[in-house]
Amino acid sequence: MLRQFFSYYKPYKTLFFLDFFSAIAGGLMELSFPLIVNYFIDTLLPGRDWGLIIATSIGLFAVYALSSALQYVVTYWGHMLGINIETDMRKSLFDHLQKLSFKFYDNNKTGTLMSKLTNDLMYIGEVAHHGPEDLFIAIMTILGAFGVMLFINWQLA
């Protein structure tokens, strides 16, 4: 069943990898913010090297802007991926429903079939977009946050 589900990703490999790697890069940037801010507050501000402080501020703003752009890619193009997969599944299901016998329609309620065709496929489209991405980001965030804590103070981590 999973093989059949993942077959819907094939026509949209480029869109999937764009979404997935944008999410990974954005997640890594989110992990870097506390380290950069920590360095900024604990090292740069007490040192009063205003040139480095301004350069770091501009760099932090650039990282934030890039992270926002990546989040836009994940939000917009990721949902396009989910919608495209949902549309393909909807077409496949409609083709399958066209081949069923009249007896099937006598034994099943039209409202139930329509609900499955619309609502259930909408949820599947959301899982197609968010499922692999969220799972990987959650694992990466937990391991990355633990790595950052180990880097800061291994005894407390």
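Structure's up top.
Residues numbered from 1 in each chain as written. Predicted model: local features only at pLDDT ≥ 70, side-chain atom pairs only at ≥ 80, totals over all residues. Heavy atoms only, no water.

S.K.: Would you mind going over the overall build of the protein chain with me for this structure?
M.R.: Counting its secondary structure elements, the protein chain contains 5 helices and 0 strands. Each principal axis of the C-alpha distribution contributes one length, and for the protein chain these read about 80 × 35 × 25 Å. Expressed as a percentage of the 157 residues in the protein chain, the buried residues total 27%. Partitioning the contacts of the protein chain with sequence separation of at least 6, the portion at a separation of at least 24 is 81%. Of the roughly 11,000 Å² of accessible surface on the protein chain, a fraction of 70% belongs to carbon and sulfur atoms. Across the protein chain, the 10 positively charged side chains and the 12 negatively charged ones have centroids separated by 14 Å. (Helix = DSSP H or I, 4+ residues; strand = E, 2+ residues; numbered from the N terminus. Buried < 20%, exposed > 50% of the residue type's maximum accessible area, 1.4 Å probe, protein only. Contact = heavy atoms within 4.5 Å. Areas by Shrake-Rupley, 256 points an atom, 1.4 Å probe, with all protein chains shown as cover. Lys, Arg positive; Asp, Glu negative; His and termini not counted. Charge placed at Lys NZ, Arg CZ, Asp CG, Glu CD.)

S.K.: Sorry, what's going on with the nonpolar core here?
M.R.: Across soluble globular proteins, you tend to see nonpolar side chains buried next to one another. Counting residues in hydrophobic clusters, the biggest one holds 16 residues, and the most contacted among them are Tyr-9, Leu-81, Ile-85 and Met-89. Among the elements of the structure, helix 2 (13–47), helix 3 (50–99) and helix 5 (110–152) are those that each provide at least two residues to this core. (Core = buried A, V, L, I, M, F, W, Y, C linked by side-chain atoms within 4.5 Å.)

S.K.: Just to check I follow, could you spell out the packing of helix 2 against helix 3 for this structure?
M.R.: Packed helices, taken two at a time, are described by the angle between their axes plus the distance between the axes. At a minimum axis separation of 8 Å, helix 2 and helix 3 run at an interaxial angle of 155°. Taken as axis vectors, helix 2 and helix 3 run roughly antiparallel relative to one another. Every pair of crossing elements has a handedness; the one defined by helix 2 and helix 3 is left-handed. Class assignment for the residues of the contact of helix 2 with helix 3 results in 25 nonpolar, 8 polar and 2 charged. (Axes fitted to C-alpha atoms, helices over the stretch in contact; angles between N-to-C directions. Parallel < 35°, antiparallel > 145°, perpendicular 65-115°, else oblique. Left-handed = near helix turned anticlockwise from the far one by under 90°. Nonpolar A, V, L, I, M, F, W, Y, C, P; charged D, E, K, R; others polar.)

S.K.: Just to check I follow, could you spell out the environment of Trp-154 for this structure?
M.R.: Here Trp-154 lies in the segment after helix 5. A sequence separation of 147 residues divides Trp-154 from Ser-7, and the C-alpha atoms of the two residues are 44 Å apart.

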